[in-house]
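Spelled out, the chains give:
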Amino acid sequence: NAGVMQNPRHLVRRRGQEARLRCSPMKGHSHVYWYRQLPEEGLKFMVYLQKENIIDESGMPKERFSAEFPKEGPSILRIQQVVRGDSAAYFCASSPAAGSYEQYFGPGTRLTVT
Amino acid sequence: GIQVEQSPPDLILQEGANSTLRCNFSDSVNNLQWFHQNPWGQLINLFYIPSGTKQNGRLSATTVATERYSLLYISSSQTTDSGVYFCAGPSGGGADGLTFGKGTHLIIQP
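What counts and what doesn't
- Residues numbered from 1 in each chain as written.
- Chains lettered and ligands numbered in written order.
- Predicted model: local features only at pLDDT ≥ 70, side-chain atom pairs only at ≥ 80, totals over all residues.
- Heavy atoms only, no water.
- Helix = DSSP H or I, 4+ residues; strand = E, 2+ residues; numbered from the N terminus.
- Phe/Tyr/Trp six-rings, centres within 6.5 Å; stacked < 30°, edge-to-face > 60°.
- Buried < 20%, exposed > 50% of the residue type's maximum accessible area, 1.4 Å probe, protein only.
- Contact = heavy atoms within 4.5 Å.
- Buried area = accessible area lost by both parts, 1.4 Å probe.
- Salt bridge = Lys/Arg side-chain N within 4 Å of Asp/Glu carboxyl O.
- Polar contact = N/O pair within 3.5 Å; in protein donor to acceptor, adjacent residues only side chain to side chain.
- Disulfide = S-S within 2.5 Å.

(A) Broad picture of unusual backbone geometry. All names here are of chain A. The omega torsion across Asn7 and Pro8 is -5°, close enough to zero to call that bond cis. Structurally, the position occupied by Pro8 is in the loop between β1 (5–7) and β2 (10–13). Although it is not a glycine, Arg64 sits at a positive phi angle of roughly 75°. Summarising the element assignment, Arg64 is placed in the loop between β6 (53–56) and β7 (65–68).

(B) Up close: the packing of aromatic side chains. In this structure the tally under the stated criterion is eight aromatic pairs over all chains. Residues B:Phe86 and B:Phe100 carry aromatic rings whose centres are separated by 6.1 Å and whose planes lie at 85° to one another, so their mutual orientation is edge-to-face. Of this pair, B:Phe86 sits in strand β9 (residues 83–92) while B:Phe100 is found in strand β10 (residues 95–100), placing the two residues 14 residues apart along the sequence. Overall, B:Phe86 belongs to the buried group, its relative accessible area being 4%. Looking at B:Phe100, the relative accessible area reads 8%, which means it is buried. Of the aromatic side chains, those joined through ring pairs into one cluster are A:Tyr35, A:Phe45, A:Phe105, B:Phe35, B:Phe86 and B:Phe100.

(C) Summary view of the interface of chain A and chain B. At the junction of the two partners, chain A supplies 19 residues and chain B supplies 17 residues. Of the roughly 1500 Å² buried where chain A meets chain B, counting both sides, 49% is carbon and sulfur surface. Scanning the region where chain A abuts chain B turns up zero salt bridges. Inspection of the chain A/chain B interface yields seven residue pairs in polar contact (both at pLDDT 80 or more). Sorting the residues of the side of chain A that touches chain B by element identifies β4 (31–38), β5 (42–50) and β10 (104–105) of chain A as the ones contributing at least two each.

(D) Spotlight on the state of the cysteines. Within this structure, the stated rule accounts for two disulfides over all chains. Between the sulfur atoms of A:Cys23 and its disulfide partner A:Cys92 the distance amounts to 1.7 Å. On the sign convention where negative means left-handed, the S-S torsion of about -50° between A:Cys23 and A:Cys92 marks this disulfide as left-handed. Placement of the pair is A:Cys23 in strand β3 (residues 19–24) and A:Cys92 in strand β9 (residues 88–95), with a sequence separation of 69 residues. Here the two residues A:Cys23 and A:Cys92 agree in accessibility, since each one is buried. With a sulfur-sulfur separation of 2.0 Å, B:Cys23 is cross-linked through a disulfide to B:Cys87. Where B:Cys23 bonds to B:Cys87 through sulfur, the torsion about that S-S bond is close to 80°, and the disulfide is right-handed. Taken together, the residues span a long stretch of sequence, with B:Cys23 in strand β3 (residues 19–25) and B:Cys87 in strand β9 at a distance of 64 residues. Assigned by exposure class, B:Cys23 and B:Cys87 land together as buried.

Right, here's the structure in full:
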């Protein structure tokens, strides 16, 4: 049973470019969560999605960041017009249902903005 | 939202030693997880333990939900146990995202 998959594992973007991060949840999981790990702030929740729905985006920056989880295909975290402060590790997690269920984490995507 | 505090922040031990890591949370939780972030940055699920005790090899964890804390025990430490250990609980208010503590940075010296 494959775990949570994320790609790319490493992504380098110049300031002003767009970054697209992909996450495929574990088989049988329909709930996806995105987290960001900044050196000074630790791991922070960003957004929680189910298929075709954003359930909770309370941790998402108000501008330039968006997320989707289409009916088919992986979840996408999109960052437009990246800035140096977006450099971080972005982790995706999945769970089989909402509520009190274990979240399983992917290996992360390390974004570097030059 | 919930506050998660971990102690100690840093711990340096010799190979073979035992250790206890603590996680305090500010409110009752129905979901408590422990993770190990290895030196390569990967987050490894260790335990899902909203209450009670679980064991997996040299690692075990206990959560006392009524007193709002959880403990992670590592016995006979090995150098591969080095890294950062995080606990995380639900953010609260109906939200399903996890709130993480700042972690315990563990170094096991040979």
